[in-house]
Amino acid sequence: IVGVGAGHVEAEFALLGVDFAARGAYMEAALPALRAALDGSVPGAVLAPRPVQASVPLWVGGSSPVAVRRAAQHGDGWLPQGVRPRDLPGIVTRLRDLRAEAGRPEAFDVGANVGCYVGTPTWDVGRTLVGEPRAIAASLRTWTENGANQLQVRFRSRDRAELVDQIERFGAEVAPHLGT
């Protein structure tokens, strides 16, 4: 899977000397070119080593109406940021409508990128699912119940040992409550 997004941190664009306001236009131009390069349909261009898939899935990130349109028209999947699970059904309907209007295949992935900390952190983990395993599993299920078919869990940690602990705890304590 190749994931792309227009970006939202203006300072990163300034650091590179790129016009932040023009990022949407750059994305609009880049997406068809990227798809052509990934599919090997650019004469004289070589992408090596070739991916295993005949066509590499292209996911578009972002939550603005423009990002949703880009995902529908150019992507094979969408990965939002800052969207609540209860907002997904309406957005998924819009994605499917936009895909139909653009003549794109109905098959389309919807992801969710969710921060997680199993247990009670002793530090500020930000906007993250925290708590007991059953409660975390129930919160994660709300994403799939509302339209996401892929979950990406980001484990909050301050160091490698804590990251490994969180991954192990998730696998042992949360995963059994997720079902299939």
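Residues numbered from 1 in each chain as written. Predicted model: local features only at pLDDT ≥ 70, side-chain atom pairs only at ≥ 80, totals over all residues. Heavy atoms only, no water.

### As for helix α6 (residues 160-174)
In plain terms, the rule: Each helix is a run of DSSP H or I of at least 4 residues and each strand a run of E of at least 2, with the numbering of both proceeding from the N terminus. For a helix, the expected span equals 1.5 Å multiplied by the number of residues minus one. The buried label goes to any residue with under 20% of its type's maximum accessible area, the exposed label to any with over 50%, and the partly exposed label to all in between, with areas taken from a 1.4 Å probe on protein chains only. Along the arc lie the directions from the helix axis toward the C-beta atoms. Every residue pair with non-hydrogen atoms within 4.5 Å of one another is taken to be in contact. The term polar contact refers here to a pair of N or O atoms within 3.5 Å; inside protein, the definition further demands a hydrogen-donor-capable atom paired with an acceptor-capable atom, and it admits residues adjacent in sequence only when both atoms are side-chain atoms.
Under the 1.5 Å per step criterion, the end-to-end length of α6 is 20 Å for 15 residues, consistent within 8% with the ideal 21 Å. Those residues of α6 that sit buried are Glu162, Gln166, Phe170 and Val174. The buried residues of α6 occupy an angular sector of 75° when the element is viewed end-on, so they sit on one face. Exposed side chains of α6 directed beyond 90 degrees from the buried face belong to Arg160, Ala161, Glu168 and Ala172. Along its buried surface, α6 packs onto β4 (109-118), α5 (133-145) and β6 (150-155). Put simply, Asp159 is the residue that caps the front of α6, since its side-chain oxygen is 3.2 Å from the backbone nitrogen of Ala161.

### Looking at the pattern of salt bridges
Threshold: A side-chain nitrogen of Lys or Arg and a carboxyl oxygen of Asp or Glu constitute a salt bridge if their distance falls within 4 Å.
Per the stated rule, a full pass over the model turns up eight salt bridges. Arg69 serves as the salt-bridge partner of Glu28, at 2.7 Å between the closest nitrogen and oxygen. Here the residue Glu28 occupies a position in helix α2 (residues 23-39), and Arg69 occupies one in helix α3 (residues 65-74), the gap between them amounting to 41 residues. On the basis of relative accessibility, which here comes to 26%, the residue Glu28 falls in the partly exposed class.

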